[in-house]
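Secondary and tertiary structure notes
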Amino acid sequence: MKIYIDADGCPVTDIAVQIAVENGIECTIICDTAHIIQCNGAETITVSKGADSADFRLVNLLRKGDIAVTQDYGLAAMCLSKNAAVINQDGKRYTEENIQGLLEFRAVSAKIRRSGGRTKGLSKRTPQQNLDFEISLRELIKRLKNNE
């Protein structure tokens, strides 16, 4: 089991790395050249800036039983197809049961924006969201370790 973090814009990178270190799990941070991210206890892979370059690198590294941390629905869908566990920055698990609806929501939102409409942006991040992520990641690791 390894943890891969889609770190471009990820507010919980440090928390995920800390939990990985505590559990003796290898952790890799993937970002593009627009971001410089280094954390003790994790390897950082920097890819060229480009459409989805970090996403494709993450998916190519991912193996069955690994964990991906991302807020990107498209990347989450690709990770699920590799039989990985996927969690977002708020601790919500992406699953085969919910990913299709999330992708459809993303498509509708993009259509609204292309036609000049607006969609609601993200609220300011709260400490509770960080705690929810931490609890969910710890539970996910425990569940995966028990299934090994």
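Below is a summary of the structure that appears in this document.

Definitions and cut-offs
Residues numbered from 1 in each chain as written. Predicted model: local features only at pLDDT ≥ 70, side-chain atom pairs only at ≥ 80, totals over all residues. Heavy atoms only, no water. Helix = DSSP H or I, 4+ residues; strand = E, 2+ residues; numbered from the N terminus. Buried < 20%, exposed > 50% of the residue type's maximum accessible area, 1.4 Å probe, protein only. Areas by Shrake-Rupley, 256 points an atom, 1.4 Å probe, with all protein chains shown as cover. Core = buried A, V, L, I, M, F, W, Y, C linked by side-chain atoms within 4.5 Å. Contact = heavy atoms within 4.5 Å. Pairing = 2+ DSSP bridges. Right-handed = clockwise from strand over helix to strand, strands pointing away. Salt bridge = Lys/Arg side-chain N within 4 Å of Asp/Glu carboxyl O.

Further remarks concern the overall build of the protein chain. The helix and strand inventory of the protein chain stands at five helices and six strands. Ordering the α and β elements of the protein chain from the N terminus gives β-α-β-β-α-β-α-β-β-α-α. The buried share of the protein chain, taken over its 148 residues, is 41%. Accessible surface, the protein chain: about 8600 Å² in total, of which carbon and sulfur atoms supply 49%.

Let us look at the environment of Ile135. Note on placement: Ile135 falls in helix H5 (residues 127–146). A C-alpha to C-alpha distance of 7.5 Å links Ile135 and Gly91, two positions 44 residues apart in sequence.

The next thing to look at is the nonpolar core. One finds Ile3, Ile5, Ile29, Ile67, Val69, Phe133 and Leu137 to be the most contacted residues of the largest nonpolar core, which totals 26 residues. Elements with a contribution of two residues or more to this core: strand E1 (2–6), helix H1 (13–22), strand E2 (26–32), strand E4 (67–69), strand E5 (85–87) and H5. Among residues more than four places away in sequence, those in contact with Phe133 are Val12, Ile15, Ala16, Val69, Ile87, Asn88, Gln89, Asp90 and Gly91.

Quick look at the sheet that holds strand E6 (residues 93–94) now. In a beta sheet, neighbouring strands pair by backbone hydrogen bonds and run either parallel or antiparallel. Taken together, the six strands give an open sheet; going across it, the order is E3-E2-E1-E4-E5-E6, and neighbouring strands pair in mixed fashion. Strand pairing shows two members of the sheet lacking a second neighbour, strand E3 (43–47) and E6, which therefore form its edges. In this structure, E2 lies alongside E3, joined through five bridges in parallel fashion. Opposite Cys31, over in E3, you have Thr46 as the bridge partner.

Attention now moves to the pairing of E2. With six of seven residues buried, E2 lies mostly within the body of the structure. The pairing of E1 with E2 spans five bridges and is parallel. Across the sheet, residue Tyr4 finds its bridge partner in E2, namely Thr28. You can see the chain leave E1, run along H1 and come back into E2, and the turn it takes is right-handed.

What follows concerns unusual backbone geometry. The backbone of Asn83 sits at a positive phi, close to 60°, despite the residue not being glycine. Following the sequence through the fold, Asn83 ends up in the loop between helix H3 (73–81) and E5.

Where charged atoms from two side chains of opposite charge come close, those side chains can pair. Inspection of every chain in the model, using the stated rule, returns four salt bridges. Arg125 is paired through a salt bridge with Asp90; the nearest N and O atoms lie 2.8 Å apart. One end of the pair, Arg125, is in the loop between helix H4 (99–114) and H5; the other, Asp90, is in the loop between E5 and E6, with 35 residues separating them in the sequence. Classification of Arg125 as partly exposed rests on a relative accessible area of 25%. The partly exposed category is assigned to Asp90, whose relative accessible area is 27%. Of the charged contacts in the structure, one is a salt bridge between Arg138 and Glu134, with a shortest N-O distance of 3.2 Å. Here Arg138 and its partner Glu134 are both found in helix H5, four residues apart, which amounts to about one turn of the helix. Arg138 gets classed as partly exposed once you look at its relative accessible area, which sits at 31%. For Glu134, a relative accessible area of 26% translates into the label partly exposed.

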